[in-house]
Amino acid sequence: MCGSIRASASWVGPRERSMRDPADSTARSSAAGTIASARRSRLAAFLDSDLLHSFLSSRLVVLAALVSVLIVGAAVLAPLIAPHDPYDLKSLSLLDANTPPAWEQGGDPNYLLGTDDQGRDILSTILFGTRSSLAIGFCSVLLASALGLSLGLWAGYVGGRVDTIIMRIADVQLTFPAILTALLIDGVALAILRHHTVEGGKFSILVLAIGLSFWVQYARTVRGVTLVERNKEYVEAARLIGIGPLKIMFQHILPNVLGPVLVIATINLALAIITEATLSFLGVGLPPTEPSLGTMIQVGNKYLFSGSWWMVAFPGLTLALLALAVNLLGDWLRDALNPKLR
Amino acid sequence: MLAFAIRRLFEAAFVMVTVALIAFVVFRFVGDPINQIVGQDATIEDRLKLREELGLNDPIPVQFARFLVNAARFDFGISYQMKQPVTAIIAERFPATLELALAAALFAVALGIPMGVYTGIHRDRWLSKIFLTVSLIGVSLPTFLIGILLIYIFSVWLGVLPSFGRGEVVKIGFWRTGLLTASGLKALIMPAITLGLFQMTLVTRLVRSEMLEVLRTDYIKFARARGLPERAINFGHALKNTLVPVITVIGLQLGAVIAFAIITETVFQWPGMGLMFIQAVQNADIPVMAAYLLLVAFLFVFINFVVDLVYVRVDPRIRILGRPT
């Protein structure tokens, strides 16, 4: 993920600089040689860019970014800040089960947001659950974008039969909603691994299922850009001096497609998180022993009628906020990077 | 038109055969079908005999051909879990899902179009902003959360609507309908809203952006200049021209509605095909999974095909563009 963010910064960077600030490039050439000054000018260009301006001019987007950073930060730091360890079965006591939040009658200040049916602290479980949800989301987006990027580049650059086959597969897959594909891959993987327990197997299955159901969009976009780029002079020149097709694809054409890919990836992240939560809610995702947000909601849903609303409400709220914030960021990024809307 | 239809038909057939191949591979190679059918204590001779009887020793292409022929006759074998013919299970479940999907689509259109028109005409009114905020939330929230929220409000808190099942059903031929009883209709409300909310927001946003586009065109300005009443302009001239893309999207979304019914049916324990599929996935019931996959693929391909034809019929521009040069 870090790689693609950095790559995107360089994608936006040069264009912004050359377009907006001609003085900057002369300043840069005069101070050529020292890396530090180049870096500073890059920072200055970023601070001066349209991207930052459009970011700060929408309060909603800033709020969404803050919420995302807060949730992601809390999830990453979960082992440090969580009051309890939800994976440590020894520390659980059934006597503490179904405790309401601390401010309700019968609440325990030790369990701020109450406990679930196993006596697990809801707050800690949410922190660790968000961690799992985010990890699966990031990894599956990474898988989907890597797969879509490679296949799209290959189809667009080589063309011919390869192109037809890859795009046909994409068309067939696009006939179905992604959630159905994910469910199917998940179901088949479960059926195959029925009698074996693999360490971390559930995690990999989910990443595989979600990643494989979202690659089509990347492949189509990347192919489209590649079709245009491959006929340009710089590619022809590279071919003439004998550079191999792999190197041309990944070193020469790839930087030109990273922008749209980043936008799709951001929007897909929210979708991937929701898909993981949905699969877990349907009972084919992460098991209740290592819950994600979806699993927590599934478990809590069973106790909705017995009045234990906190088991669903807090994980549900976290998921809703996370999905909404990432969605808003993705929408904004799409509009901000779309030159047609400027 | 005919050439277009035939080309589309070939594409649809290609999709169906691909999906059938996937379903066959899963069906044949994930787990041993024999082990799933006979018990632990069956002898090796019994197993070999059954293997021969089921034709599992034939060459793979022959088996695939047989699978295709059987599928075309709606014969998908016996469910591993329920020990009944898959076709019988699906026939029992199909009406529930179709009624739910159609109710959801109706909800989406009946609310989405007026909301879209309103927000398109009155861009800056506060009611428009509320509609758009609601639609943003509808797009962002996972379906199952919306369902749980509705259950909490209307079943747990207010206690006015049932939280699971279809209510009383009336049997007409093989079709069990919940549309003819009061309890059946009551049970339909929340699942239909949950399932249709995403499509409703989609329709709202689509109609809104189309309206904004159309209202800027010259013929609308001209209609205004002629002194036509606002009402006639908005509905007679503008809305009519936004409906072509709306029809397409609704048609294409009908397939998505049937797929997303899996989630809604799980939340509300609605006894339809989606719930059946989820139970099949949990129990590794491969014949049911394969049958569901093929059926849904068929529905999708069929809907796509019809929408394509309708689109060409309605919009003459495509007929000209689509003509091979």
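The notes below deal with the structure included here. (Residues numbered from 1 in each chain as written. Chains lettered and ligands numbered in written order. Predicted model: local features only at pLDDT ≥ 70, side-chain atom pairs only at ≥ 80, totals over all residues.)

## Details of the overall build of chain A
This is how the line gets drawn: Secondary structure is summarised from DSSP: a helix means a run of H or I of at least four residues, a strand means a run of E of at least two, and numbering begins at the N terminus for each. Whether a residue is buried, exposed or partly exposed follows from its count of other C-beta atoms within 10 Å of its own C-beta, namely 20 or more, 12 or fewer, or something in between, respectively; the C-beta atoms are built from the backbone. Contact between residues is assigned whenever the C-beta positions, reconstructed from backbone atoms, fall within 7 Å.
The helix and strand tally for chain A stands at 15 helices and zero strands. Across the 342 residues that make up chain A, the buried fraction comes to 43%. Contacts in chain A between residues far apart in sequence, at least 24 positions, make up 68% of those at least 6 positions apart.

## Considerations on the interface of chain A and chain B
Note: interface size is frequently given as the accessible area lost on complex formation between the parts. How we decide: In this count, Pro and Cys sit with the nonpolar residues alongside Ala, Val, Leu, Ile, Met, Phe, Trp and Tyr, while Asp, Glu, Lys and Arg are called charged and the others, Gly among them, polar.
Chain A puts 33 residues into the contact, and the matching count from chain B is 30 residues. Elements with a minimum of two residues in the side of chain A that touches chain B: helix H9 (178-192), helix H13 (245-281), helix H14 (293-301) and helix H15 (310-337) of chain A. Looking at which element gives the most residues to the side of chain A that touches chain B, the answer is H9(A), with nine residues. A per-class count over the side of chain A that touches chain B returns 25 nonpolar, seven polar and one charged.

## Re the nonpolar core
What counts, and what does not: Remark: nonpolar core denotes a set of buried Ala, Val, Leu, Ile, Met, Phe, Trp, Tyr and Cys residues whose joining runs through C-beta atoms within 7 Å.
One finds B:Ala104 and B:Leu293 to be the most contacted residues of the largest nonpolar core, which totals 162 residues. At 19 residues, H13(A) tops the list of elements feeding residues into this core. Excluding anything up to four places from it in sequence, B:Ala104 contacts B:Ala192, B:Leu195, B:Gly196, B:Gln199 and B:Val257.

## Description of H13(A)
Residues and elements named next belong to chain A. Defined as follows: Here the expected span of a helix is defined as 1.5 Å times the quantity of residues minus one. Each residue is assigned a bend, namely the angle between axes fitted to the seven residues that terminate at it and the seven residues that start at it.
For H13, which comprises 37 residues, the first-to-last C-alpha distance of 45 Å sits more than 12% below the rise-based estimate of 54 Å (1.5 Å per residue). Most pronounced at Leu254, the bend in H13 amounts to some 60 degrees, and the proline Pro255 follows within four residues. Note on H13: the residue one or two positions beyond its end, Gly283, has a positive phi of about 90 degrees.

## A word on the packing of helix H7 (residues 122-158) of chain A against helix H10 (residues 201-213) of chain A
Residues and elements named next belong to chain A. This is how it is decided: Comment: axis = line fitted to C-alpha atoms, over the contacting stretch for helices; angle = value between 0 and 180 degrees taken between N-to-C directions. Our angle categories are set so that under 35 degrees counts as roughly parallel, over 145 as roughly antiparallel, 65 to 115 as roughly perpendicular, and the remainder as oblique. We call a crossing left-handed when the near helix sits turned anticlockwise from the far one by less than a right angle, and right-handed when that turn is clockwise.
Contact pair H7 / H10: the axes reach a minimum separation of 8 Å and the direction vectors enclose 45 degrees. Considering the angle they form, H7 stands oblique to H10. Relative to H10, the crossing made by H7 is right-handed. Listed contacts from H10 to Ile136, Cys139, Ser140, Leu143, Ala144 and Leu147 of H7 are Phe203, Leu206, Val207, Ile210 and Gly211. Per-class residue counts for the contact of H7 with H10 are nine nonpolar, two polar and no charged.

## Things to note about unusual backbone geometry
Residues and elements named next belong to chain B. The backbone of Gln269 sits at a positive phi, close to 45 degrees, despite the residue not being glycine. As for its placement among the helices and strands, Gln269 is situated in the loop between helix H10 (230-268) and helix H11 (273-282). Residue Gln269 is classed as exposed on the basis of its 12 C-beta neighbours within 10 Å.

## Overview of the environment of A:Tyr303
Residue and element names in this part refer to chain A. Topologically, Tyr303 is positioned in the loop between H14 and H15. The class of Tyr303 is partly exposed, set by 16 C-beta atoms lying within 10 Å. Put simply, Tyr303 and Asp117 are 186 residues apart on the chain and 8.4 Å apart in space, counted from C-alpha to C-alpha. In this view, Tyr303 contacts Asp117, Ser308 and Met311; residues no more than four positions away in its chain are not counted.

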